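Letter by letter, the chains look like this.
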Amino acid sequence: MIETQELTRRYGETLVVDRVSLTLPKQGLTAIIGANGAGKSTFLGMISRLTAASAGAALIDGLDVAKTPTDALAQRLAILRQDNAIAARVTVRDLVSFGRYPHSKGRLTADDHARIDDALAFLELEPFSDRYLDEVSGGQRQRAHIAMVLAQDTDYVLLDEPLNNLDMRHARAMMSLLRRAVDERSRTVVVVLHDINFASCYADHIVAMRDGRVVAAGPPDHIVTTATLRAIYDIDVEVVTVRGYRTVHYYR
Ligand SMILES: Nc1ncnc2c1ncn2[C@@H]1O[C@H](COP(=O)(O)OP(=O)(O)OP(=O)(O)O)[C@@H](O)[C@H]1O
Ligand SMILES: [Mg+2]
């Protein structure tokens, strides 16, 4: 379980995450939605300790992340950042192998290699695995970063806009993969999404943020409504149920 207690981040006088207290159940897929600047990345950053909290706490299985040793945290939780700019000239396979570092400390075992191969295959990266990151397309690079996060093999997986740069086929494959990680491997996945339809079809739970606060949280059927989406984005959309899932439509 991930629990936040009045988690807060300020920059100067500006509150960008404002006393957020949330419980995200174990073994589920939670989507975080909200407009640009709502505080989604900052919130995820504090849960994973990439960003220091100004006040409050984040707990993973009861452990305060601010007080948990880095190795212990990295064996429980992996995060895909929104802007993963790896400047070094590393190959796709090297990048994915970094995901094993918390386990192997640089000495890769046969089991580590097997997991790296598994992650490369899962993300359909085998044809590019020996290319440098600046020699693959944006979507292939994004998939390589996701493979690294999955290779870390943690119970908790946080992904900040993993669908960036992915085409329709790979975006859907990514959501199915996250769903399977929850259903078949009992993972807890928290994912920032701008595509409400993916959130609606794949998530168990949606958290909607606005101006640093949670304005709504619940199952997709409660969140994906014209009124709630207006409260989050200030636009009117049409919500249509297709095959049992609420889907959002907007027109010119
Ligand atoms: N280092 C910083 N210094 C000052 N303000 C910052 C800093 N980082 C983020 N902010 C501000 O905090 C607010 C929340 O940013 P955050 O990146 O969490 O938003 P977000 O919901 O992830 O948005 P997006 O959908 O665009 O990724 C924004 O207004 C942003 O400008
Ligand atoms: Mg963000």
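Thresholds, definitions, all that
Residues numbered from 1 in each chain as written. Chains lettered and ligands numbered in written order. Predicted model: local features only at pLDDT ≥ 70, side-chain atom pairs only at ≥ 80, totals over all residues. Heavy atoms only, no water. Helix = DSSP H or I, 4+ residues; strand = E, 2+ residues; numbered from the N terminus. Rg over C-alpha atoms; globule rule 2.2 N^0.38 Å. Buried < 20%, exposed > 50% of the residue type's maximum accessible area, 1.4 Å probe, protein only. Contact = heavy atoms within 4.5 Å. Areas by Shrake-Rupley, 256 points an atom, 1.4 Å probe, with all protein chains shown as cover. Lys, Arg positive; Asp, Glu negative; His and termini not counted. Charge placed at Lys NZ, Arg CZ, Asp CG, Glu CD. Donors = N, O, S within 2.8 Å, 3.2 Å for Na, K, Ca; no water. Domains from an automatic or database assignment. Buried area = accessible area lost by both parts, 1.4 Å probe. Salt bridge = Lys/Arg side-chain N within 4 Å of Asp/Glu carboxyl O. Polar contact = N/O pair within 3.5 Å; in protein donor to acceptor, adjacent residues only side chain to side chain. Pairing = 2+ DSSP bridges. Near = heavy atom within 4 Å. Nonpolar A, V, L, I, M, F, W, Y, C, P; charged D, E, K, R; others polar. Axes fitted to C-alpha atoms, helices over the stretch in contact; angles between N-to-C directions.

A few points about the overall build of the protein
And then number 1: For the protein, the helix and strand inventory stands at ten helices and twelve strands.
And then number 2: Taken over C-alpha atoms, the radius of gyration comes to 18 Å for the protein, in line with the 18 Å a tight globule of 252 residues would show.
And then number 3: Projecting the C-alpha coordinates of the protein onto the three principal axes gives extents of approximately 50 × 40 × 35 Å.
And then number 4: Residue burial in the protein is summarised as follows: out of 252 residues, 48% are buried.
And then number 5: Partitioning the contacts of the protein with sequence separation of at least 6, the portion at a separation of at least 24 is 63%.
And then number 6: Surface summary for the protein: the accessible area is close to 12500 Å², and the carbon and sulfur share equals 48%.
And then number 7: Charge separation in the protein, taken as the distance between the mean sites of 30 positive and 32 negative side-chain charges, equals 1 Å.

Topic: the coordination of the magnesium ion (ligand 2)
And then number 1: Around the magnesium ion (ligand 2), the protein contributes the donor atoms Ser41 (OG) and Gln82 (OE1), which lie 2.0 to 2.1 Å from the metal centre. Residue Ser41 is located in helix α1 (residues 40-47), and its partner Gln82 is located in the loop between β6 (77-80) and α3 (92-98); the two are separated by 41 residues in the primary sequence.
And then number 2: The class of Ser41 is partly exposed, set by a relative accessible area of 29%.
And then number 3: Residue Gln82 is classed as partly exposed on the basis of its relative accessible area of 36%.

Regarding the domain arrangement of the protein
And then number 1: The domain architecture assigned to the protein consists of domain 1 (1-76 + 155-216) and domain 2 (83-153).
And then number 2: Placing a centre on the C-alpha atoms of domain 1 and another on those of domain 2 gives a separation of 22 Å.
And then number 3: With 19 residues of domain 1 at the interface, the matching set in domain 2 holds 16 residues.
And then number 4: Counting each side, the surface lost to burial between domain 1 and domain 2 is near 1400 Å², with a carbon and sulfur contribution of 58%.
And then number 5: In this structure, the connection of domain 1 to domain 2 is made through three salt bridges.
And then number 6: A salt bridge links Glu124 to Arg169; the shortest N-O distance between them is 2.9 Å.
And then number 7: Linking domain 1 to domain 2 there are eight residue pairs in polar contact (both at pLDDT 80 or more).

Some points on the pattern of salt bridges
Should the charged atoms of two oppositely charged side chains come close, the side chains can pair.
And then number 1: Tallying each qualifying case throughout the model produces 22 salt bridges.
And then number 2: Linked by salt bridges that have partners in common, Asp111, Arg115, Asp153 and Arg187 make up one network.

Some words on the sheet that holds strand β2 (residues 14-24)
And then number 1: Within the open sheet, the four strands sit side by side as β2-β1-β4-β5. Their pairing is antiparallel. Of all the strands in the sheet, the pair left with one neighbour each is β2 and β5 (63-64).
And then number 2: Of the pairings in the sheet, the one linking strand β1 (residues 2-11) to β2 comprises seven bridges and is antiparallel in character. In the strand pairing of β2, Thr4 is matched with Leu22.

Quick look at α1
And then number 1: Among the eight residues of α1, seven are classified as buried, and the element is accordingly described as predominantly covered.
And then number 2: If you check which residues of α1 are buried, you get Lys40, Thr42, Phe43, Leu44, Gly45, Met46 and Ile47.
And then number 3: Immediately beyond the C-terminal end of α1, within one or two residues, lies Arg49, with a positive phi of roughly 70°.

What about the site of ligand 1?
And then number 1: Around ligand 1 sit 13 residues, and of these Gly37, Gly39, Lys40, Ser41 and Thr42 come closest.
And then number 2: Note that an oxygen atom of ligand 1 is positioned 2.8 Å from one of the backbone N or O atoms of Gly37.
And then number 3: For ligand 1, whose unbound accessible area comes to 640 Å², protein coverage reaches 59%.
And then number 4: Element by element, the count of residues in the shell around ligand 1 is highest for α1, at three residues.
And then number 5: The class makeup of the residues in the shell around ligand 1 is four nonpolar, seven polar and two charged.

Let's talk about the sheet that holds β6
And then number 1: Spatially, six strands are ordered β6-β7-β8-β3-β9-β10 in an open sheet, and the strand pairing comes out mixed. Strand pairing shows two members of the sheet lacking a second neighbour, β6 and β10 (213-218), which therefore form its edges. In this sheet, adjacent strand axes meet at a mean angle of 15° when their direction is disregarded.
And then number 2: Where β6 lies against strand β7 (residues 156-160), four bridges are found, and the strand directions are parallel. In the strand pairing of β7, Leu77 is matched with Tyr156.
And then number 3: Where helix α10 (residues 226-233) meets the sheet, it contacts β3 (29-34), β9 (205-210) and β10, and its direction lies at approximately 40° from that of β9.

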